[in-house]
Structures are given as C-alpha cells and as structure tokens.
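For reference, the chains in residue letters:
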Amino acid sequence: MNISEEHHIAEFMLPDMDSTFRIFAAHLRTVTQDWSYPRHTHPLFEVNLLLAGRQEMIVNGQRFVQEPGDLMLLRPEDVHESRAASSERMTYYCLHFNVDDRVLREMLCQGGRFHFEENSPLVKTIRPSLDKLIQLTSGEGTVKLSNRMRALSAVFELFAGLGETLVEQNRVETPNGRMARIAAEIAAGLEKSVEAPESEWLADADGEEPSDLSRETVAAVTEGLGYSASSCNRMFHRVYGMSPRQYLSALKLKKAKLLLMESALSVEAVSARLGYKDIAHFSRQFKRWTGEPPGKFRARFHI
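Residues numbered from 1 in each chain as written. Predicted model: local features only at pLDDT ≥ 70, side-chain atom pairs only at ≥ 80, totals over all residues. Heavy atoms only, no water.

(A) Summary view of a nonpolar patch on the surface. A cluster of nonpolar residues, L145, M149, L152 and F156, forms a patch on the protein surface that exposes about 390 Å² of accessible area. Examined against the element boundaries, F156 turns out to sit in helix α3 (residues 145-172). Residue F156 is classed as partly exposed on the basis of its relative accessible area, which comes to 49%. (Patch = residues over 30% accessible without salt bridge, like charges linked within 9 Å, V, L, I, M, F, W, Y side chains within 5 Å. Areas by Shrake-Rupley, 256 points an atom, 1.4 Å probe, with all protein chains shown as cover. Salt bridge = Lys/Arg side-chain N within 4 Å of Asp/Glu carboxyl O. Helix = DSSP H or I, 4+ residues; strand = E, 2+ residues; numbered from the N terminus. Buried < 20%, exposed > 50% of the residue type's maximum accessible area, 1.4 Å probe, protein only.)

Written out as structure tokens, the structure is:
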C-alpha cells in the first residue's frame, strides 16, 4: 500500500547496519595456586574478568595485579602472560572476540589502559553483560537456540557498554585527533576500493590475489596523506589494531561472505563477481580466510 508523503507527520528510522563479530574460546575457569599461562599474542581482543583469588598479568612488559572484580582489556597482538598470585584457587572468565565495525574497533584500540578496577566506570557498565555470559557459560544447555540468542544479546550489550564507556574515556584521557583522522581516512579509502569494480582489486592474470596487489591498493589509498607508508601503517595499527592490508583482507572476506549468502548467485557466479577467472582459485583463497570452502560456508546458512 502506498501512502502519500503529504500525509506524513513525522518519521524516524534506524540507520542501516551491517556488522559482524566472532566470539572465540569464551571460558569460565578455576585453577590452582600454581597455575600460569606462558607469554603469547593473538590477533583478537580479550576481556579477562577475575572472579576469585588474585591474578598477575604482564602486558607489553607492564605488570598488573587483579583483585576480584578487576578486568583486563587487551588489544590484538598485545604480548601477555599470567599466573595465579595467591595461596588459594583462582577463578576467572575470559572472552576473546573480533569485530569488524570500524568505529568500535577504533574505540577499543585507542588509549593504552589495560587494567580496570572493579569500581571503574567501564567495569560497572559491562559487568551485567559479563554476568549474563558467565551464567550461560556455566549453565546447562548452552547449545540451545534460545541460550545462543541470549548470549548474542548479552554480547551486543557488552559491545554497547564498551563503546559508550571508552568513547568518553578516550575523550578525557588520550585524545589524538590527528592519528584517528588519518586512520579513518585510510579505512574509508580501503572500503571504497572494495566497492570498486571487483576486477580492479581481487584477481591477477591467473586469478590469484597476490600480496603485491594488496600493497598497491594500500599505497594508492595512503598516497597524498602527507605521511610515509610506515607512519600510515603505524597510525592505522594503533587505532584499528591491525595493518591496512589485514583490514583490506577482512573487507574482501566480508564481501565474499555477503555474496555467498545471496541465494540467486551460484558459487561460480560469486567467484566471477569477485574477479577470479577460476573458481578453484577463489575456493582456495576463501578456505585460507575461513578454514572452510565456500560451499560449506553457504550450506551452514541453508542457502
């Protein structure tokens, strides 16, 4: 039914939204007083909430001691190790995640603070969401659809609380408008390049995606910003927690997934749409990105 606009009194709309995230190895764990975890890094964000005992964590050479209720927020590639630091058992909840929303990634990566005490604004804001996730993690029937939806709801609440608190914290503690502006310009340029005709950015003459093509794309985006390539790379990594090339690969993967979810397109058509001349080349690249072939990804969505 068509309604003439002349009869509209007021209209309010949510903005279009397209964002994905993944949760990895979320776990509730109780350990002995002799427990420790060796130094390591990973390409994920990490939330580590101490529930009982004491924990010592060393992050990028800095030592922190968590008391019950304290939280550690780690960024991708932070070097960290931890150990129990009391004579009693220790219980903690750990959540690893990745999110492709550019604004949220920027908020999460800005600033250099890792340790948030129990009474800090950030912990007070996100603790209810974490408690919901802890309850779902420790309860029975965690694979039930209803509980999965509750977990997703709690994760979105968690992200909302993180974003709301960190944007205020970054405004007060460590504002760096120049770095954020340059990184945002690079991100916008990379996003625009992915929306260009696919043959311009994905495939070479053999249908592969060579690393030098990604370098050329990044170089074209950063050219004219007034900073060296290494400076642009450093500023972008500081704001978004990954290199421009890693960000570009994430954008390409996202586009591939969205195309595969269109039921009207065959895998062959998706491969051609992305600029590959050979579906085998596309399948190999998609499997490198995700660990599964495009057909299996599509089947998971019943398409």
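Past the structure itself, the notes keep going.
(B) Broad picture of the side chain of H80. The topology assignment puts H80 in strand β7 (residues 80-84). Its relative accessible area of 3% is what places H80 among the buried residues. One polar contact links H80 to E46, side chain to side chain, over a distance of 3.3 Å. Those residues within four positions of H80 in sequence are excluded, and the remaining contacts are P38, R39, H40, H42, E46, I58, V59 and L74. (Polar contact = N/O pair within 3.5 Å; in protein donor to acceptor, adjacent residues only side chain to side chain. Contact = heavy atoms within 4.5 Å.)

(C) View of the environment of E77. Along the chain, the position of E77 falls in the loop between β6 (71-74) and β7. Residue classification places E77 among the partly exposed positions, given a relative accessible area of 36%. Linking E77 and H42, residues 35 residues apart in sequence, is a C-alpha distance of 5.2 Å. Filtering out sequence-adjacent residues up to four positions away, E77 remains in contact with T41, H42 and P43.

(D) Geometry of the nonpolar core. L71, F97, L108, L130 and L162 are the most contacted members of the largest nonpolar core, which totals 27 residues. For this core, the secondary-structure elements that each account for two or more residues are β3 (45-52), β6, β8 (90-99), α1 (102-109), α2 (121-138) and α3. Apart from residues no more than four positions distant in its own chain, L71 is found in contact with V47, N48, L49, Q66, F114, H115, F116, L122, V123, I126 and L130. (Core = buried A, V, L, I, M, F, W, Y, C linked by side-chain atoms within 4.5 Å.)

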